[in-house]
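Residue-level structural notes
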Amino acid sequence: MNVQQLQVIMPAAKRALLFLEPLNAAMQEFGILAPLHRAMFIPQIAVETNQLARLDENLNYSADGLANTWPSRYAQKDGAGNYVKVTPAAAVSDLPTRLRNAPNDLAKCLDRNAVAIANNVYANRGGNGDEASGDGWMFRGAGGFMCTFHDGHAQCAAYFGIPLHQVGDWLRTPEGAMRSAGWYWSVNGMAKFADAGDFDGVCDVLNIGRKTQKVGDAIGYAARLTHFNLARKELL
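First, a word on scope: everything that follows refers to the structure included in this document. (Residues numbered from 1 in each chain as written. Predicted model: local features only at pLDDT ≥ 70, side-chain atom pairs only at ≥ 80, totals over all residues. Heavy atoms only, no water.)

1. Thoughts on the overall build of the protein
In terms of helices and strands, the protein carries 14 helices and two strands. Here the protein has a C-alpha radius of gyration of 19 Å; the compact-globule value for 236 residues is 18 Å, and the two agree. Overall, the protein is about 55 × 45 × 35 Å in size when its C-alpha atoms are taken along their principal axes. Buried positions account for 45% of the 236 residues belonging to the protein. Partitioning the intrachain contacts of the protein with sequence separation of at least 6 by distance along the chain shows that 56% fall at a separation of at least 24. By element, 51% of the accessible surface of the protein is carried by carbon and sulfur atoms, the whole surface being about 11,700 Å². If you average the places of the 22 positive and of the 22 negative side-chain charges in the protein, the two averages end up 4 Å apart. (Helix = DSSP H or I, 4+ residues; strand = E, 2+ residues; numbered from the N terminus. Rg over C-alpha atoms; globule rule 2.2 N^0.38 Å. Buried < 20%, exposed > 50% of the residue type's maximum accessible area, 1.4 Å probe, protein only. Contact = heavy atoms within 4.5 Å. Areas by Shrake-Rupley, 256 points an atom, 1.4 Å probe, with all protein chains shown as cover. Lys, Arg positive; Asp, Glu negative; His and termini not counted. Charge placed at Lys NZ, Arg CZ, Asp CG, Glu CD.)

Okay, here's the thing in structure tokens:
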């Protein structure tokens, strides 16, 4: 792959040249060689890294964002257990508006505090300790496929021979980001979905952890599909 092809697939990637060599090396290392495999692999990186703009998870959620991303945790409920709906503050009165979940008190307390959000959202999950341990922030998503949680970081660190306390910083480098994405693709058998032409399956395994029956339920699926269509035209 050359830089012109990468920029076609990721039109907003200002750092395409910086990532080109690590990306090509990672695809070679992990056997992502078939054009269709590449056409399904690269769009995942595009979405997870915001077209190579950042290599760690953006957890700078507003209270509204929390309530509508993780409603079971952060949305306000009424007496019947239904989510309370509100009109977005920025809505234009003469245009149709989709109602939003109202944030609860916890969401309001966490508003725009990325460290606190990570520690709350990821507490006691995937090998992380409790909220006070700081593991949520320590092991937040990082790398080309946003490797997350203590267990995810530990598995990645073990494979690449990197101390656990250093792997997060390595994941946030171009080399670490691309190699960790290739590793995840390989160990999670994503090639079999690519071989079957199942782009939705590739998205599901990365974003949900398993193939689901519903098509398009991976977060960011529409954007992933847009990049896939660009990659397919460029690489196939």
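2. What to know about helix H2 (residues 16-29)
A rise of 1.5 Å per residue sets the reference length of H2, with its 14 residues, at 20 Å; its end C-alpha atoms lie 19 Å apart and thus fit the reference within 8%. Residues Ala 16, Phe 19, Leu 20, Pro 22, Leu 23, Ala 26 and Met 27 constitute the buried set of H2. Positive phi shows up at Gly 31, right after H2, with a value of about 70 degrees. (Expected span 1.5 Å × (residues − 1).)

3. What to know about helix H11 (residues 174-187)
Between the first and last C-alpha of H11 there are 20 Å, a value that for 14 residues agrees with the 20 Å anticipated at 1.5 Å per step. Every buried residue of H11 is listed here: Gly 176, Ala 177, Met 178, Ser 180, Ala 181, Gly 182, Trp 183 and Trp 185. Here the buried face of H11 lies against H2, helix H3 (35-48), helix H9 (149-160), helix H10 (164-171), helix H12 (190-195) and helix H13 (199-207). Immediately beyond the C-terminal end of H11, within one or two residues, lies Gly 189, with a positive phi of roughly 60 degrees.

4. Structural notes on the pattern of salt bridges
In total, this model carries nine salt bridges according to the counting rule given. The shortest N-O distance in the salt bridge between Asp 56 and Arg 54 comes to 2.9 Å. Here Asp 56 falls in the buried class, since its relative accessible area comes to 15%. With relative accessibility at 32%, the residue Arg 54 sits in the partly exposed group. Two residues, Asp 200 and Lys 211, come together in a salt bridge whose shortest N-O distance is 2.9 Å. With Asp 200 in helix H13 and Lys 211 in the loop between H13 and helix H14 (221-235), this residue pair connects regions lying 11 residues apart in the sequence. (Salt bridge = Lys/Arg side-chain N within 4 Å of Asp/Glu carboxyl O.)

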